[in-house]
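# Remarks on the overall topology
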Amino acid sequence: MRSKLSYLSIPYVIWMALFVVAPIIMVVIYAFSTADGGFTLANFSRMGTYAVVFFRSFKLALIATVVCLLIGYPVSYMMSKEGPRFQRLAMVLIMLPMWMNFLLRTYSWMSILENNGLLNQLFQHIGLIDLYNRVFGTNLTFFRMLNTQGEVVLGIVYNYLPFLIMPIYSVIV
């Protein structure tokens, strides 16, 4: 006999079917279809042309994972060895950015890292760009940080570091 409360899960099941299952089914259909709707495996024969992109993606994911581990494990360990008051404060500080939308956090980093962004303005005000130009004989007006592999790793680490810290912390505690 089903509980009367189990009917409360119906909206969730519909939501998941519409926004998780249906898009996956659509991707599978497009993967095995031609432009006119016929069945084909030709789409998979061209996957080798994207090997460089796959390799770069895995390389950046591996680098981001290592950086997350190098930052996250010591932070989790230190948090677990502190008192309860510090642990609560640290948990709030780690989880606070996650209360903001993922896309908004990513766009915030873009405004920080752009050519005339906050970070480049700081570097100009403290004279770091002028020092770089004198030392290396260049004529830069800004450091290019957007659309680089470093920016991708920074974004991955920033967005996913809490997902590494919290489980490790809970296991240690």
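Residues numbered from 1 in each chain as written. Predicted model: local features only at pLDDT ≥ 70, side-chain atom pairs only at ≥ 80, totals over all residues. Heavy atoms only, no water.

Before going further, it helps to spend a moment on the packing of aromatic side chains. Counted by the stated rule, this structure contains 9 aromatic pairs. Consider the rings of F32 and F44, whose centres lie 5.0 Å apart with planes at 45 degrees: the pair is tilted. A residue pair is termed long-range when its members are at least 10 positions apart, and F32 in the loop between α1 (10-31) and α2 (42-45) and F44 in helix α2 qualify at 12 residues. Between W109 and Y158, the ring centres sit 5.4 Å apart and the planes meet at 70 degrees, which makes this aromatic pair edge-to-face. Here W109 is found in helix α5 (residues 102-113), whereas its partner Y158 is found in helix α8 (residues 149-172), with 49 residues between them in sequence. Ring-pair connections join several aromatic residues into one group, and the members of that group are F123, Y132, F136 and F143. (Phe/Tyr/Trp six-rings, centres within 6.5 Å; stacked < 30°, edge-to-face > 60°. Helix = DSSP H or I, 4+ residues; strand = E, 2+ residues; numbered from the N terminus.)

Below, the discussion takes up unusual backbone geometry. With a phi close to 60 degrees, N147 is a non-glycine residue in the positive phi region. Following the sequence through the fold, N147 ends up in the loop between α7 (128-136) and α8. We classify N147 as exposed; its relative accessible area is 66%. (Buried < 20%, exposed > 50% of the residue type's maximum accessible area, 1.4 Å probe, protein only.)

Do not read the predicted coordinates in detail wherever pLDDT is low. Across the chain, the average pLDDT comes to 93, with 99% of residues at or above 70. When mean pLDDT is compared element by element in the chain, helix α3 (residues 51-81) scores highest at 97, while α2 scores lowest at 88. (pLDDT = per-residue confidence, 0-100.)

Core analysis: the biggest nonpolar cluster contains 14 residues, and C68, M79, I94, V153, V157 and I165 have the highest contact counts within it. When residues of this core are traced back to their parent elements, those giving at least two are α3, α4 (84-95) and α8. For this core, the leading source of residues is α8, giving 8 residues. Listed in part, the 6 residues of the second largest apolar core include F123, I129, M145 and L146. (Core = buried A, V, L, I, M, F, W, Y, C linked by side-chain atoms within 4.5 Å.)

Relative orientation of the contacting elements α3 and α4 amounts to 150 degrees, with a least axis distance of 8 Å. As α3 runs across α4, the sense of the crossing is left-handed. For the pair α3 and α4, contact is made by V75, M79 and S80 and by F86, Q87, A90, M91 and I94, respectively. In the contact of α3 with α4, the residues fall into 6 nonpolar, 2 polar and no charged. (Axes fitted to C-alpha atoms, helices over the stretch in contact; angles between N-to-C directions. Left-handed = near helix turned anticlockwise from the far one by under 90°. Contact = heavy atoms within 4.5 Å. Nonpolar A, V, L, I, M, F, W, Y, C, P; charged D, E, K, R; others polar.)

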